[in-house]
Amino acid sequence: MKYILTSIFLPVFVLGTAILSGCSRSPQVSVSNHSAVPLTNVIISGSGFSESIGTLAPAERAAVRVMPSGDSSLRLEFDAEGKHFTAAPDCYFENGPSYRVNATIAPDFSVKVDVTRNY
């Protein structure tokens, strides 16, 4: 009986733990640099979170999980060509795994944000 419990319970427990540990409970924010120059000091922030992305080379994309403290928008800051840029595009997301926030920095350093929600 002990062998049966161990041989069945242990693999099921390990598999369940592996599956659940891969499930994030927070939204993902990605930032894509579509400009022709590197972006430095890239920081994303919102309600209850602030994350430093660092430097994004041209055509590079970075993604991070954030933990907003409730309803949130997105603020993006970065430096390029010796200037500091700040953008707060109109967007909305919550602290939930179904939200994906995609920020794109254009060649003129304008920022566009798309928020999708997978149900």
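The coordinates are above.
So, here is what we can say about the structure in this document. Counting from 1, residues in each chain are numbered in the order their sequence is written. Under the rules for a predicted model, residues below a pLDDT of 70 receive no local features and side-chain atom pairs below 80 are neither given nor counted, while totals for whole chains, interfaces and linings still include all residues. Hydrogens and water molecules were not included; the side-chain quantities draw on all heavy atoms of the structure.

**Notes on the sheet that holds strand 2 (residues 39–46)**
(1) Moving on: One requirement defines pairing of two strands: DSSP has to find at least two bridges between them. By the criteria applied, helices consist of DSSP H or I runs no shorter than four residues and strands consist of E runs no shorter than two, each listed in order from the N terminus. Taken together, the four strands give an open sheet; going across it, the order is 3-2-5-6, and neighbouring strands pair in antiparallel fashion. Strands at the two margins of the open sheet, each flanked by one partner only, are strand 3 (49–56) and strand 6 (83–87). Each strand axis lies, on average, 15° off the axis of its neighbour in the sheet, ignoring direction.
(2) Moving on: Bridge analysis of strand 2 against strand 5 (residues 75–80) gives four bridges, and the strand direction is antiparallel. Looking at the pairing, Ser45 lines up with Arg75 of strand 5. Lines fitted to C-alpha atoms define the axes, with helix axes restricted to the stretch in contact, and inter-axis angles between N-to-C directions lie between 0 and 180 degrees.

**Let's talk about the pairing of strand 6**
(1) Moving on: As paired strands, strand 5 and strand 6 are joined by five bridges and run antiparallel to one another. Its bridge partner being in strand 6, Leu76 is matched across the sheet by Ala87.

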